[in-house]
Amino acid sequence: MSGLDQFLRWLHVFTGILWIGLLYFFNFVNGPFAATLDGDSKKKVVPELMPRALFWFRWGAAYTWITGVLLLGIVFYSNRAVLLDEPDKGWQVSTIVMVAVTFLAVFLYDILAKSGLGKNPRVLATVGFVLVAVALYLMADWAKFTYRAYLIHIGAMFGTIMAFNVWFRIWPGQKKIITAVKNGEAPDAAIVALAGSRSRHNTYLSLPLIWAMLNFHSTYVAGGNLGIASSWAWATMLAVILLGWHIIWQCYKKAGKVKGF
């Protein structure tokens with residue numbers, strides 16, 4: 001399985017770069033640039049640029065998610081010693097529940113994002129942060145996931161939400177927006193807002209996701225260093241999430257100030 005493991009990691013990193021690179025392009029480059037275009041320019045540029053970029057964007061998302069799930073199966077689910085702190089006990093109800101939470105949390109996220117909470121990004125982020133903290137604690141303390149396991153499952157949760165947004169919220173909205181611009185019409189403001197907000201959500205989730213993907217290389221904070229007990233190592237991911245959000249926020253601020261010649 002080691003050969004397949006390495007091959008999938010290679011593809012996973014490639015498709016991840018393709019996906020997240022375009023995500024950053026849309027949010028930090030294309031968004032500010034598009035705001036400078038007049039109607040005629042948008043009519044010429046958008047129908048030619050966006051379908052090409054969104055093709056690689058959505059398929060990058062799909063294959064990143066698929067290869068990620070396959071890697072979960074090979075690296076973690078086929079080796080209980082990597083998945084669980086108490087591997088001799090095998091899979092328990094708690095294990096199954098937290099794996100299910102990992103892949104079903106996307107539906108709770110979508111409900112919250114479409115509710116009144118979604119209209120206030122700070123409130124939505126606060127609620128999401130608390131729910132992630134609860135999930136992390138349960139993975140570590142109840143399901144007895146290893147440090148690497150609970151990090152990668154939070155990453156899989158974020159990645160699933162992001163891929164869902166790409167295929168079921170951003171891409172359908174963008175098709176309508178592109179068609180309207182091509183026809184010289186004003187896109188539906190609600191559709192523009194939905195696609196834009198979900199793209200921003202993905203951007204904020206992306207940096208914590210990258211940390212989770214690097215779980216094997218972040219074990220310095222898994223316990224025993226910096227005064228961090230192994231029983232509290234799960235909380236380091238919460239610190240990474242906050243730091244990641246701050247870095248992305250700074251990138252948005254900078255993106256609005258970068259100008260063309």
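The sections below set out a description of the structure shown in this document. Computed from a predicted model, the values in this text were never measured in an experiment.

**Things to note about the overall build of the protein**
Next, step 1: Secondary structure assignment for the protein yields eight helices and zero strands.
Next, step 2: In the protein, the order of α-helices and β-strands from amino to carboxyl end is α-α-α-α-α-α-α-α.
Next, step 3: Whereas a compact globule of 261 residues would reach a radius of gyration of roughly 18 Å, the protein reaches 20 Å, a difference of no more than 12%.
Next, step 4: On the principal axes, the C-alpha backbone points of the protein span a range of 65 × 40 × 35 Å.
Next, step 5: Scored against the burial criterion, the 261 residues of the protein give a buried share of 43%.
Next, step 6: Residue pairs in contact within the protein that sit at least 24 positions apart in sequence constitute 78% of those at least 6 positions apart.
Next, step 7: Accessible area of the protein: about 14,200 Å², with a carbon and sulfur share of 68%.

**Points about unusual backbone geometry**
Leaving glycine aside, a negative phi is the common case for residues, and trans is the common case for peptide bonds.
Next, step 1: Despite not being glycine, Lys144 has its phi angle at roughly 60°, a positive value.
Next, step 2: As for its placement among the helices and strands, Lys144 is situated in the loop between α5 (121-142) and α6 (147-182).
Next, step 3: Judged by its relative accessible area of 30%, Lys144 is partly exposed.
Next, step 4: Of note in the backbone geometry, Leu226 takes a positive phi value of approximately 60° without being a glycine.
Next, step 5: Looking at the secondary structure, you find Leu226 in the loop between α7 (189-213) and α8 (234-255).
Next, step 6: For Leu226, a relative accessible area of 62% translates into the label exposed.

**Some thoughts on the pattern of salt bridges**
Next, step 1: Scanning the entire structure with this criterion turns up six salt bridges.
Next, step 2: Between Glu48 and Arg52 there is a salt bridge; the shortest N-O distance is 2.8 Å. Of the two residues, Glu48 and Arg52 both sit in helix α2 (residues 39-77), four residues apart, roughly one turn of that helix.
Next, step 3: Note that Asp110 is salt-bridged to Arg198, the shortest N-O span being 2.9 Å. One end of the pair, Asp110, is in helix α4 (residues 93-114); the other, Arg198, is in helix α7, with 88 residues separating them in the sequence. Taken as a pair, Asp110 and Arg198 share a single burial class, namely buried.
Next, step 4: What emerges from the salt-bridge pattern is a single network uniting Asp110, Lys114, Arg169 and Arg198.

**A look at the packing of helix α1 (residues 2-34) against α8**
Next, step 1: Running from N to C, α1 and α8 cross one another at 25°; their axes reach a closest spacing of 9 Å. As the angle between them shows, α1 and α8 are arranged roughly parallel. Helix-helix and strand crossings are classified by hand; for α1 and α8 the assignment is right-handed. Across the interface between the two elements, Tyr24, Asn27, Phe28 and Pro32 from α1 touch Ile248, Cys251, Tyr252 and Ala255 from α8.

The rules behind these values
Residues numbered from 1 in each chain as written. Predicted model: local features only at pLDDT ≥ 70, side-chain atom pairs only at ≥ 80, totals over all residues. Heavy atoms only, no water. Helix = DSSP H or I, 4+ residues; strand = E, 2+ residues; numbered from the N terminus. Rg over C-alpha atoms; globule rule 2.2 N^0.38 Å. Buried < 20%, exposed > 50% of the residue type's maximum accessible area, 1.4 Å probe, protein only. Contact = heavy atoms within 4.5 Å. Areas by Shrake-Rupley, 256 points an atom, 1.4 Å probe, with all protein chains shown as cover. Salt bridge = Lys/Arg side-chain N within 4 Å of Asp/Glu carboxyl O. Axes fitted to C-alpha atoms, helices over the stretch in contact; angles between N-to-C directions. Parallel < 35°, antiparallel > 145°, perpendicular 65-115°, else oblique. Left-handed = near helix turned anticlockwise from the far one by under 90°.

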